[in-house]
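Observations on the three-dimensional arrangement
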Amino acid sequence: MTGVPATLQLPLLPLKNVVLFPHMIVPLYVGRERSINALEDAMTKGKQVFLCTQRRADCEDPKEADLYRVGVLGEVVQLLKLPDSTIKVLIEGSSRAVIERFVQDEPHLRVEVSPLEEDVLASPELEALMRGVVDLFDRYVELDKKVPPEVNLTVRGVEDAGRMADIVASNLAIGVTDKQDVLETFQMNARLEKLSSVLQREIEILDMDRSIRQRVRQQIDRRQKEFYLKEQMRVIQEELGGEEAHLSELDELREKVRGLELDAAVEERLLKDVDRLERMPPGSPEISVLHNYLDLVVSLPWHESSEDITDLRAAEKVLDEDHHGLRKIKERILEFLAVRQLTKSPKGPILCFIGPPGVGKTSLGRSIARALGRKFVRVSLGGLGDEAEIRGHRRTYVGSMPGRIIKGLREAGTRNPVFLLDEIDKMSSDFRGDPASAMLEVLDPEQNKHFSDHFLEIPFDLSEVLFITTANVFYSIPRPLLDRMEVINLPGYTAEEKMVIAREFLVPKQLRDHGLTSNHIEITKPALATMISRYTSEAGVRNLERSIASVCRKVAREVVKGKTRKMTVAPNRLDDLLGPPRYKPEEGHTEPLIGVANGLAWTEVGGVLLTIEVITMPGKGNLNLTGQMGDVMQESARAALSYARSNAEALGIPVDFRDKLDLHIHIPKGAIPKDGPSAGISMALAIISALAQRPIRSDVALTGEITLRGRVLPIGGLKEKVLAAHRIGIHTVLIPEDNQPDVADIPADIRKRITFKFVKTMDEVIALALLPRSDTILLPAIIEPAPVEEVAAANAEDPGQQPASQPSL
C-alpha cells in the first residue's frame, strides 16, 4: 500500500452506524446542521466530500476524538432536499483516505486527508485467499436470505482483490467495529485473512440459528404455528441463558387486534398488516401511515358503551338546571329515555336544533350528554369544504388521516356518545367534494350502522350515537340532509324569559367568573330590563351576558382598589357602566293614519314591526316599490294592487284611479333587505286606505299572505311576530285563520294580553282594521330611523317552511 504524497482539504461528513467502502454507492439521510453545511460546501467545490464513521452513534456533535481516522473519499451523485428540512443524498465512494489534521470546526468539519492507493502484487497466496473468501461468501449467502443472490454473482466476476474484499465486507450483517477494522487493514493478504475469519464466525452463527429454528419447529404442533416467532425467541433466550423475552410492540399490537373480536376476515387482514409492518425496511415512508392506521383500529370503541341514566326525574333535573324553558327539546330527550327503557333499543335519534344565535343550541348538547350520562363530542362544521374531513383520506396519500366522525369517537372512548355537529348550515362545497353529501350516510339511521371511513376501511356502527346538529337557518341545508333529521325549532326568548335567564343563570355565572359575591354587587330587575331593551337587540342572550360581564368587570376593578361598599346597579347607573343605550325602543304611531299599516315580520333575531307606507300622487297608474323589497314581496304588492283594482267599486275606490294616480309603496329602513309573502294583507290594507282616504287603526297589527281573490293564507314565525307586537304595545293582532293552532306556541302570559282576530278574507281585515272616512285627513308623518339598525330580513318565512327566495343578510 503506497500513499499518494498529495493531500486534499475536504468537508467531512460523519456517519452513524454506517461504514462506507470504496466503489460503493449508498443513500444517506442528512439532518444535522453541520452535516448539511458540509454537503452544501461540497456541492460548490467539485462535489467531493470525506466520509468517516463515528465511534459512538449517540454523539450528535462529533469532535476529533469521536471519529475514526480512516475513511473514504466520496463524490455526491445526487442531492434532494426533503420537506422536513432534511437532505437525501446519494454518494459513491472512490478510495480510502486517512485524516492528516482537522482544519476547521465551524460551520462544518473540514479536514486535510491523504488518499491511499492500493498496490496489489499477484501471488499464489493472494489467489488462494481470494478463492477462500468467495467460497465462504457463497455459503454465507446460502444461509442468510437477506443478501440478494446477484451480489454473489458480482463477487465472482470481480478480479481485483481489494474491490472484491470491499464488496463482501459491505454486504455482511456485522457490526460497525468489524467493518471499520476491515476498512483500516491496508495490507491485502491481511485484509482477506480478516475477512475470512469474520465469514467463518458469521457462518457458525447462521448454522446455529438454523439449528435453533429446527428445534423450535419440532417443539410446536400445527395449532401453535401462529406463535412460532415467540417460541423462537424463547428458545434463543434459553440458548443464551438470558431471561424470557418480553412481548415486542408488534406482538402487543397483534394481541390487541385479536382482543377486538372483529369479523374473522377483518381480523385476518389486520394481522397481515401487522406482519407487513414488521417486514418493512426502517426508512420506508409507509411505516408511519400503516402504524397510525393500526393504532387507530385498536383504539376505537368497537364494543365499549356507557350506561344511560334511567331515572327520568334525575335527567329532567339536570336539563332544568342548565337551561330555562325549551320544553319541546327537554320533552323529546325524556321521551327518548322512556322508549329506551321499554324497548332496550340502542338506536339513537338524529335531532336538528334550528334557531337564532345565542339561544343555547350548543350548550344544550352538552347538557343533554350530562343528563343521559354519556360522553360528549363536539365537531364544528362551519366553513368545512372538504369531503375528506367527514369520510377521511385514503391511505394512499401522504399525511392521510381519518375523518372527524371517527376521530371524535376515538376521543370519546365509547360507541354511544352525544355527538354535536355544530353549524351544519355553514358547510360549503368546492372541487374537493361536497361534505353535505358525505353527511347523508352519517345521519341516515338506515345507513350509519355500516359507516365506512376511507382511512379506516372497516364498517363502523354509528347507530347508537345520539347525533345533534345545530343551525341558524334551514334554507342553506340541502333538502335530502334536512329530511334525515328531526327538526326542532328554537325560537328567540321573550323579554320575560330573558329576565328569568339573567337572574337565575347569567348573573350568578358572571359573579363566579369574576370572583365576586352578592356582597359586592346587586343588579336590580329594572337594570336588567333596561339592558335587555336598550343595550341588546337579539333573539338569544349572548350580548346580554356580555353586558352583565362588563358591569362585573368594572365592579371587580373597584373591589381591587379597596372599595368595600356594596354596589347596587340601577337603570340610572347603566350610562356610566355601559355607556349610552345602543337601541331605541320600537314605537308604533299612536293615531290612525291614512296609508300606514302595522305589518309584522320575522327575522333571525326575533320579530319586528314592519311599517307599510302608501301614498298616491297624480300620474298614469305607475307603481313604485322602495325599501329593498325582494322578488316575493314585490309580487305580493302587485297582487294586493290587483285585488284593490278588481274590487274598487265595492271598496269605495274611484274606478278610474289607475288613469289618474301613481302609487308609491315604501317600507322604512331601506338599508335592510326584506322578502317574503306575509306582508300581503298589510300592503293591501295600506293601498285601499290610501285610495279610499280611510285611516287605519293604529292599535292593530296584521300579518298574512294575500291572493288575487282576497283570501288570506297562513304564514310562519307567528310567535316572534306576536311578541314584537306585544313589545311595542299593540294589543290586537290579525292573523290568518289557518294559523290558529300556532297560537298554542305563544307563552300563556302573552296570550292573555293580546286579542287575536282570525281572518279568512280581506273583507274581514278591512272591517276590523279600516276606519270610516273622516273629514280630517291624517297623512303619514316622517319617521326617523333608529340609530342602530339590526341586520335582518323582514317577513322571511318560518324556519320550518322553504321560501321561494332567501333574504340577503
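Every value quoted in this text rests on a predicted model; they were computed, and no experiment measured them. (Residues numbered from 1 in each chain as written. Predicted model: local features only at pLDDT ≥ 70, side-chain atom pairs only at ≥ 80, totals over all residues. Heavy atoms only, no water.)

Some thoughts on the overall build of the protein chain
- Within the protein chain, the secondary structure is distributed over 28 helices and 25 strands.
- Out of the 809 residues in the protein chain, the part that is buried amounts to 48%.
- At a minimum sequence separation of 6, the contacts of the protein chain that also span at least 24 residues come to 74%.
- For the protein chain, the exposed area adds up to about 39,900 Å²; of that, 50% sits on carbon and sulfur atoms. (Helix = DSSP H or I, 4+ residues; strand = E, 2+ residues; numbered from the N terminus. Buried < 20%, exposed > 50% of the residue type's maximum accessible area, 1.4 Å probe, protein only. Contact = heavy atoms within 4.5 Å. Areas by Shrake-Rupley, 256 points an atom, 1.4 Å probe, with all protein chains shown as cover.)

Let's talk about the nonpolar core
- If you look at the biggest cluster of nonpolar residues, it comprises 54 residues, and the most contacted ones within it are Leu443 and Leu456.
- For this core, the leading source of residues is helix 10 (residues 286–299), giving six residues.
- Each residue touching leucine 456, except ones within four places of it in the same chain, is listed here: Tyr293, Leu296, Val297, Leu300, Trp302 and Ile406.
- Counting 51 residues, the second largest nonpolar core, distinct from the first, contains Val318, Ala369, Ala371 and Ile468. (Core = buried A, V, L, I, M, F, W, Y, C linked by side-chain atoms within 4.5 Å.)

Thoughts on helix 15 (residues 404–412)
- Within helix 15, the full set of buried residues consists of Ile405, Ile406, Gly408, Leu409 and Ala412. One side of helix 15 holds all its buried residues, which, seen down the axis, span an arc of 160°.
- As for helix 15, its buried residues are in contact with helix 10, strand 9 (376–380), helix 14 (388–391), strand 10 (418–422) and helix 16 (435–442).
- Positive phi appears at glycine 413, one or two residues downstream of helix 15, with a value of about 80°. (Arc of directions from axis to C-beta.)

What to know about the packing of aromatic side chains
- If you walk through the whole model with that rule in mind, you get five aromatic pairs.
- With 5.6 Å between their ring centres and 40° between their planes, phenylalanine 419 and phenylalanine 467 make a pair best called tilted. Linking phenylalanine 419 in strand 10 with phenylalanine 467 in strand 11 (residues 466–471), this pair joins segments that are 48 residues apart in sequence.
- Judged by relative accessible area, which is 0%, phenylalanine 419 ranks as buried.
- Taking the centre distance of 6.5 Å and the plane angle of 15° together, the rings of phenylalanine 756 and phenylalanine 758 count as stacked.
- With relative accessibility at 16%, the residue phenylalanine 756 sits in the buried group. (Phe/Tyr/Trp six-rings, centres within 6.5 Å; stacked < 30°, edge-to-face > 60°.)

Concerning the pairing of strand 7 (residues 110–117)
- Among the eight residues of strand 7, seven are classified as buried, and the element is accordingly described as predominantly covered.
- Here strand 2 (residues 8–15) runs beside strand 7; their pairing, made up of four bridges, is antiparallel. Residue pairing for strand 7: leucine 8 is matched across the bridge by valine 113.
- Looking at chain direction, strand 6 (residues 87–104) and strand 7 are connected through six bridges and run antiparallel. Across the sheet, the residue bridging to isoleucine 99 is valine 113, located in strand 7. (Pairing = 2+ DSSP bridges.)

Here's the deal with helix 10
- Here helix 10 contains 14 residues, and its C-alpha end-to-end distance of 20 Å stays within 8% of the 20 Å for a straight helix at 1.5 Å per residue.
- Taken as a whole, helix 10 has its buried residues at Val289, Leu290, Tyr293, Leu294, Leu296, Val297 and Val298.
- Here the buried face of helix 10 lies against helix 8 (249–259), helix 9 (264–279) and helix 15. (Expected span 1.5 Å × (residues − 1).)

Observations regarding the pairing of strand 10
- Counting buried positions along strand 10 gives five out of five residues, so the element sits mostly inside the fold.
- The alternating pattern of strand 10 places Val418, Leu420 and Asp422 and Phe419 and Leu421 on opposite faces, both of which are buried.
- Of the pairings in the sheet, the one linking strand 9 to strand 10 comprises five bridges and is parallel in character. Looking at strand 10, one finds that arginine 378 is bridged to leucine 420.
- Sheet topology note: the strand 10/strand 11 ladder contains four bridges and is parallel. Paired with phenylalanine 419 across the bridge in strand 11 is phenylalanine 467.

Re the environment of glutamine 447
- Assignment of secondary structure puts glutamine 447 in the loop between helix 16 and strand 11.
- Separated by 14 residues in sequence, glutamine 447 and aspartate 461 have C-alpha atoms that sit 9.3 Å apart.

Focus on the confidence of the model for the protein chain
- Scored by pLDDT, the protein chain comes out at a mean of 81, with 89% of its residues at no less than 70.
- Under a pLDDT of 50 for its full length, residues 242–247 has, in the predicted model, six contacts with residues more than four places off or in other chains.
- Counting interchain partners and residues more than four positions distant, the pLDDT-below-50 stretch residues 775–809 has 85 contacts. (pLDDT = per-residue confidence, 0-100.)

Looking at the pattern of salt bridges
- This structure, assessed with the given rule, holds 36 salt bridges.
- Between arginine 201 and glutamate 202 there is a salt bridge, and its shortest N-O distance comes to 3.4 Å.
- Residue arginine 697 is joined to aspartate 699 by a salt bridge in which the shortest nitrogen-to-oxygen separation is 3.1 Å.
- Through salt bridges with shared partners, one network takes in Arg34, Asp61, Lys63 and Glu106. (Salt bridge = Lys/Arg side-chain N within 4 Å of Asp/Glu carboxyl O.)

Concerning the packing of helix 11 (residues 312–322) against helix 12 (residues 327–343)
- Contact pair helix 11 / helix 12: the axes reach a minimum separation of 10 Å and the direction vectors enclose 155°. Regarding the angle of helix 11 to helix 12, the classification is roughly antiparallel. The handedness of the crossing between helix 11 and helix 12 comes out as right-handed. For the pair helix 11 and helix 12, the contacting residues are Leu312, Ala315, Glu316, Leu319 and Asp320 in the first and Arg327, Lys330, Ile333, Leu334, Leu337, Ala338 and Gln341 in the second.
- Residues of the contact of helix 11 with helix 12, tallied by class, amount to seven nonpolar, one polar and four charged. (Axes fitted to C-alpha atoms, helices over the stretch in contact; angles between N-to-C directions. Parallel < 35°, antiparallel > 145°, perpendicular 65-115°, else oblique. Left-handed = near helix turned anticlockwise from the far one by under 90°. Nonpolar A, V, L, I, M, F, W, Y, C, P; charged D, E, K, R; others polar.)

A closer look at the sheet that holds strand 11
- If you walk across this open sheet you meet the five strands as 9-10-11-8-12, and the pairing is parallel. Edge positions in the open sheet fall to strand 9 and strand 12 (486–489), since each of these has one partner strand only. The average undirected angle you get between the axes of adjacent strands in this sheet is 20°.
- Taken together, the four bridges between strand 8 (residues 350–354) and strand 12 define a ladder with parallel strand orientation. Following the sheet pairing, isoleucine 354 is matched in strand 12 by asparagine 489.
- Along the sheet face, helix 12 touches strand 8 and strand 12 and points at about 145° away from the line of strand 12.

Observations regarding the environment of serine 533
- Counting through the fold element by element, serine 533 comes out in helix 19 (residues 525–535).
- With relative accessibility at 40%, the residue serine 533 sits in the partly exposed group.
- With eleven residues separating them in the primary sequence, serine 533 and leucine 544 have C-alpha atoms 9.9 Å apart.

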